[in-house]
Protein chains: 2
Amino acid sequence: MTSKRRMGPQDSATSNALLDATERVLREEGYAAATSRRIAQEAGVKQQLVYYYFRTMDELLVATFTRRTQRALARLEQDLAVDRPIQALWQHLVSIVDARLVFEFVALANHNEGIRKEVARFVTESRRIEAAAIARQFGEEGRDTGPITPSAVAFLMYCVSLLLRREAATGITEGHDDVLALIDWALKR
Amino acid sequence: MTSKRRMGPQDSATSNALLDATERVLREEGYAAATSRRIAQEAGVKQQLVYYYFRTMDELLVATFTRRTQRALARLEQDLAVDRPIQALWQHLVSIVDARLVFEFVALANHNEGIRKEVARFVTESRRIEAAAIARQFGEEGRDTGPITPSAVAFLMYCVSLLLRREAATGITEGHDDVLALIDWALKR
DNA sequence: GTCTATACACCGATAGAC
DNA sequence: GTCTATCGGTGTATAGAC
């Protein structure tokens with residue numbers, strides 16, 4: 001039952017332009033707008049060309065996610081290879097992570113099995129890298145942090161940075177100053 | 001330029017059935033599936049009837065959000081009117097808030113101005129209620145919490161509970177045990 | 001209050017020519 | 001590698017009968 005359609009190479013200028021276009025449409029207009037026609041228009045090609053490079057729209061969405069997360073993991077490891085990784089992680093989270101795109105993909109994961117698996121894999125992998133970097137700093141400073149484990153800190157930093165940015169973009173500021181002051185205080189410990 | 005279509009009452013059995021159906025579709029299938037046909041089918045009525053009760057699909061979406069959040073605010077105030085509101089708030093957050101629906105609405109808020117405003121209003125109002133309840137308990141216990149202000153605690157409890165539930169539903173568990181242990185420890189202070 | 005009929009645009013996807 | 005042509009289905013929304 002497989003289609004007889006010809007398929008193009010996985011890494012070409014046009015296919016990358018389609019992945020770029022998909023990211024832009026997801027971020028600016030949401031996943032409901034991520035249609036083959038809209039994305040093709042955004043990339044400056046004909047709608048049918050999308051199906052030369054990707055078998056289905058689903059495959060294009062998953063490819064967009066994996067390309068971005070592979071780059072993100074490399075960038076994360078690079079950013080954490082410094083003296084004080086905990087402070088570097090906070091900087092990374094608030095300046096590199098795109099909260100709009102994250103929410104779009106997480107909402108997609110609610111009802112798209114392919115995206116769900118990739119999101120789970122990426123978050124798990126990121127958190128391990130982050131926890132390892134935090135553990136390194138805890139070890140060097142040689143203090144007993146009790147229930148404040150590296151994994152718990154990784155989770156907290158991730159979720160606070162994500163929600164802070166998402167809420168700010170939504171026009172919510174209630175409590176943000178207080179949380180930022182608390183983070184600042186905690187990072188100086 | 002306004003339409004001459006007749007409109008039905010704002011609060012009837014059928015309009016409420018449509019709001020219920022919209023919630024179910026949003027939760028189970030995502031906002032892209034929240035179409036007039038799909039929602040009408042879910043409510044057991046004809047597609048065109050949606051437009052008797054709601055001017056546009058956008059209006060139906062906003063109405064679904066406001067009905068739910070008005071009920072949620074009432075429930076929140078009720079749940080916090082107890083002896084130890086901080087512990088009660090945590091219970092409320094992990095058992096009442098529907099993380100799937102929250103993410104769907106927040107993703108919608110990314111690119112829907114009507115939803116964005118309502119989300120901002122609701123989160124701000126909730127946080128004020130929560131911070132007031134936390135401040136009450138802090139006051140009774142008469143301790144100096146330093147940078148750990150009521151507003152900061154309200155934000156932290158909200159974002160941790162939301163992400164914990166969302167990640168668990170996505171199949172992510174990395175760091176969850178540690179965070180739950182930390183919360184448990186913090187709630188006992 | 002609910003029905004039928006209908007408009008018109010857009011959707012994913014395929015086939016085959018150039 | 002990109003084009004034209006095309007399919008059946010679904011989207012929002014309106015008008016008017018029952």
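These numbers come from a predicted model, not from an experiment.

Novice: Quick question: what am I supposed to make of the protein's contact with DNA strand D here?
Specialist: Every one of the 19 residues lining DNA strand D counts as a neighbour, but Gln48 of chain A together with Arg5, Ser36, Arg37 and Tyr51 of chain B are closest to it. For DNA strand D, the fraction of atoms within 4 Å of the protein that belong to sugar or phosphate moieties is 51%. At a separation of 2.7 Å, a base oxygen of DNA strand D approaches a polar side-chain atom of Arg6 of chain A. Separating a phosphate oxygen of DNA strand D from a side-chain N or O atom of Tyr51 of chain B is a distance of 3.4 Å. For the surface near DNA strand D, the secondary structure elements donating two or more residues are α3 (50–53) of chain A together with α2 (36–43) of chain B.

Novice: Where do I start with the relation of the copies chain A and chain B in this structure?
Specialist: Note on the identical chains: chain A maps onto chain B by a rotation of 180° and an axial translation of 0.0 Å, with an RMSD of 0.1 Å. Accordingly, the operation relating the two chain copies is best matched by a two-fold axis. The position closest to the rotation axis in chain A is occupied by the C-alpha of Ala32 of chain A, lying 2.5 Å away. A symmetric contact is evident, with 100% of the interface residues of chain A recurring at the interface of chain B.

Novice: Which parts of the structure should I look at to understand the packing of helix α4 (residues 57–80) of chain B against helix α5 (residues 85–95) of chain B?
Specialist: For any two helices packed against each other, the geometry is given by the interaxial angle and the distance between the axes. All names here are of chain B. Interhelical geometry of α4 versus α5 gives an angle of 140° and a closest axis separation of 9 Å. In terms of axis orientation, α4 runs oblique to α5. In terms of crossing hand, the pair formed by α4 and α5 is right-handed. Here Arg75, Leu76, Asp79 and Leu80 of α4 come into contact with α5, specifically with Pro85, Ala88, Leu89 and His92. Here the contact of α4 with α5 is built from residues that sort into five nonpolar, one polar and two charged.

Novice: Teacher, can you tell me more about the domain arrangement of chain A here?
Specialist: Interface extent is often summarised as the accessible area lost during association of the parts. Residue and element names in this part refer to chain A. When cut into domains, chain A gives domain 1 (7–55) and domain 2 (64–188). The gap between the C-alpha centroids of domain 1 and domain 2 is 28 Å. Buried area between domain 1 and domain 2, both sides added, is near 1100 Å², and the carbon and sulfur share of it is 54%. Linking domain 1 with domain 2 are four salt bridges, by the criterion used here. Here Arg67 and Asp20 are joined by a salt bridge, their closest N and O atoms 2.7 Å apart. At the boundary of domain 1 and domain 2, one finds seven residue pairs in polar contact (both at pLDDT 80 or more). Considered class by class, the residues forming the side of domain 1 that touches domain 2 number three nonpolar, three polar and four charged.

Quick notes on the rules
- Residues numbered from 1 in each chain as written.
- Chains lettered and ligands numbered in written order.
- Predicted model: local features only at pLDDT ≥ 70, side-chain atom pairs only at ≥ 80, totals over all residues.
- Heavy atoms only, no water.
- Near = heavy atom within 4 Å.
- Polar contact = N/O pair within 3.5 Å; in protein donor to acceptor, adjacent residues only side chain to side chain.
- Helix = DSSP H or I, 4+ residues; strand = E, 2+ residues; numbered from the N terminus.
- Least-squares fit on C-alpha atoms with pLDDT ≥ 70 in both.
- Contact = heavy atoms within 4.5 Å.
- Axes fitted to C-alpha atoms, helices over the stretch in contact; angles between N-to-C directions.
- Parallel < 35°, antiparallel > 145°, perpendicular 65-115°, else oblique.
- Left-handed = near helix turned anticlockwise from the far one by under 90°.
- Nonpolar A, V, L, I, M, F, W, Y, C, P; charged D, E, K, R; others polar.
- Domains from an automatic or database assignment.
- Buried area = accessible area lost by both parts, 1.4 Å probe.
- Salt bridge = Lys/Arg side-chain N within 4 Å of Asp/Glu carboxyl O.

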